[in-house]
Amino acid sequence: MKKKGKKKNGNKIAKIPVFYLIYLTVTAAVIFAIVLSMQLVRSRLAEYEAAQPRYVAAEVFAQYFQPIDYNSLLADSNYEAGEAGTDELIEYLKNEIGDSRLTYAAGSSDDENEVKYIVKAGQKQLAAIVLTTADAKTKHGYDTYEYSHMDLYLNTDEYLKELSSYTVKAPSSYTVELDGSALSKELVTSTYMQEDILQYCPSDVPGIEYSVYTITGLDKAPGEVKVSAPDGTAAEVSFDDETNTYTSSLAYSGQLAAEYTEPVTKAIEGYAAYIQAAENVSLDSIKGYYDTSSKVYSEIVAMSGDRWMVNAGGGIDFEDVQVGEFYAHTPEIFSCHISFTQYIHRAGSEDYVDAIDKYVFLHLVNGEYKIYYWYNA
């Protein structure tokens, strides 16, 4: 005969089957084990991650390259740069980097105990941050890393060659001497027309042709660069230390000055006296100084009709006469600068004071130099 379950307050007591108790217990244990395992894995992963060499590389990169510290970089790095000094290497690095963004990424190493991170400027490899495994390990035996050294990748040969390259720019007809030795025309790498070197030029004088000499492979800067005009007159030479360039100015001709100062003075003073209707000055007395087919001479002739309006019957005196800047543009053309003050003595009235300031151009006419063009300065 079956026994009936006891009742409490008239109700039966519910019992959980043993199967479900075991199931729930096992499930809880599994979940706990999983959670514990995940915490252990996360802890182990964090430990492993913290030991990665890229964090050391990031610190080194920030120290030397954000922003770049050229002096510290050169002082603390390994490199081969021949005889290049610190200033030259800094300029080299600046030239290599330019506007490029500096980055770094893991590279390869032949030493299993080393890790390299390559620093790049754009696509150019600039340096290697070298790390080595440290003696200390993590709690669970992972290797740690420490900074070993920096290797700079310098290819300074071409750059230093450029630094030891010097340029001389001089009028093509001039002689260039470097430490007493004349430079061969074979060293001329280009020519150009310097159009603005003279303030005033006629249409048949477009400018001065300059030759560019390039001298390479010098161990040191030239001691003396001398540039001379065809007549031997020395030209002034300036130097640009940023581009290693010597540039010659024009050398005014002492020979032309000695030969033509007097004729030019007589020509221009005679012109001034003639147009002021000074006594004893005729067109015939000055025409020998001028190219009678030129526009200048035609203008003088045209002024003849206006001479009646002026009066220099008392004569003309010229003071502060300055003649110079004689320059041979070609074997057939030269120019000079003349200025003076003229005191025009007029009968029955006060003297009239005027200034003459001209750049005068002469060219060969039947073997003689004649004035054919001028500009008022």
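Preceding block: the structure.
Rules behind the numbers
- Residues numbered from 1 in each chain as written.
- Predicted model: local features only at pLDDT ≥ 70, side-chain atom pairs only at ≥ 80, totals over all residues.
- Heavy atoms only, no water.
- Pairing = 2+ DSSP bridges.
- Helix = DSSP H or I, 4+ residues; strand = E, 2+ residues; numbered from the N terminus.
- Expected span 1.5 Å × (residues − 1).
- Contact = heavy atoms within 4.5 Å.
- Polar contact = N/O pair within 3.5 Å; in protein donor to acceptor, adjacent residues only side chain to side chain.
- Patch = residues over 30% accessible without salt bridge, like charges linked within 9 Å, V, L, I, M, F, W, Y side chains within 5 Å.
- Areas by Shrake-Rupley, 256 points an atom, 1.4 Å probe, with all protein chains shown as cover.
- Salt bridge = Lys/Arg side-chain N within 4 Å of Asp/Glu carboxyl O.
- Lys, Arg positive; Asp, Glu negative; His and termini not counted.
- Charge placed at Lys NZ, Arg CZ, Asp CG, Glu CD.
- Buried < 20%, exposed > 50% of the residue type's maximum accessible area, 1.4 Å probe, protein only.

## Looking at the pairing of strand 16 (residues 316-330)
Step number 1: Of the pairings in the sheet, the one linking strand 16 to strand 17 (residues 333-344) comprises ten bridges and is antiparallel in character. Its bridge partner lying in strand 17, F318 is registered against Q342.
Step number 2: The hairpin turn running from strand 16 into strand 17, its antiparallel successor, is two residues long.

## Here's the deal with the pairing of strand 18 (residues 352-365)
Step number 1: Pairing of strand 17 with strand 18, which is carried by twelve bridges, proceeds in the antiparallel orientation. The residue bridging F340 from the neighbouring strand is I356, located in strand 18.
Step number 2: The pairing of strand 18 with strand 19 (residues 368-376) spans eight bridges and is classified as antiparallel. Counted as the bridge partner of F361 is Y373 from strand 19.
Step number 3: Here strand 18 hands over to strand 19 after two residues, with N366 in that stretch at a positive phi of 55°.

## Quick notes on helix 2 (residues 54-65)
Step number 1: Between its terminal C-alpha atoms helix 2 stretches 15 Å, which fits the 16 Å expected from twelve residues at 1.5 Å a residue.
Step number 2: As for helix 2, its buried residues are in contact with helix 3 (70-76), strand 4 (102-106), strand 5 (114-121), strand 6 (124-137) and strand 7 (143-152).

## Remarks on the environment of L131
Step number 1: Looking at the secondary structure, you find L131 in strand 6.
Step number 2: When residues no more than four places from it in sequence are discounted, the contact partners of L131 are P53, V56, A57, N113, E114, V115, Y117, E146, Y147 and S148.

## Describing the environment of D231
Step number 1: Turning to its location among the elements, D231 is positioned in the loop between strand 13 (225-228) and strand 14 (237-240).
Step number 2: In sequence terms D231 and A251 are 20 residues apart; their C-alpha atoms lie 9.5 Å from each other.
Step number 3: Aside from chain neighbours lying at most four places away, what touches D231 is S253, G254 and Q255.
Step number 4: In this structure the side chain of D231 is engaged in a polar contact, spanning 2.6 Å, whose partner is the side chain of S253.

## A look at a negative patch on the surface
Step number 1: On the surface, D87, E88, E91, D240, D241 and E242 cluster together into a negatively charged patch.
Step number 2: At three residues, the largest contribution of residues to the negative patch is made by helix 4 (residues 86-97).
Step number 3: The residue D241 is located in the loop between strand 14 and strand 15 (245-248) in this model.
Step number 4: For D241, a relative accessible area of 59% translates into the label exposed.

## Side note on unusual backbone geometry
Step number 1: Put simply, Q66 and P67 share a cis peptide bond, and its omega is -5°.
Step number 2: In this structure, P67 sits in the loop between helix 2 and helix 3.
Step number 3: In this model, E325 sits at a positive phi of 55°, which is unusual for a non-glycine residue.
Step number 4: If you trace the backbone, E325 turns up in strand 16.
Step number 5: One non-glycine residue, N366, adopts positive backbone phi at about 55°.
Step number 6: Of note, N366 is situated in the loop between strand 18 and strand 19.

## Points about the pattern of salt bridges
Step number 1: One pass over the full model with this rule turns up three salt bridges.
Step number 2: A salt bridge links K124 to E96; its shortest N-O distance comes to 3.9 Å. Here the residue K124 occupies a position in strand 6, and E96 occupies one in helix 4, the gap between them amounting to 28 residues.
Step number 3: Note that E368 and K370 form a salt bridge whose closest N and O atoms lie 3.2 Å from each other.

Any functional reading would require information beyond the geometric quantities listed.
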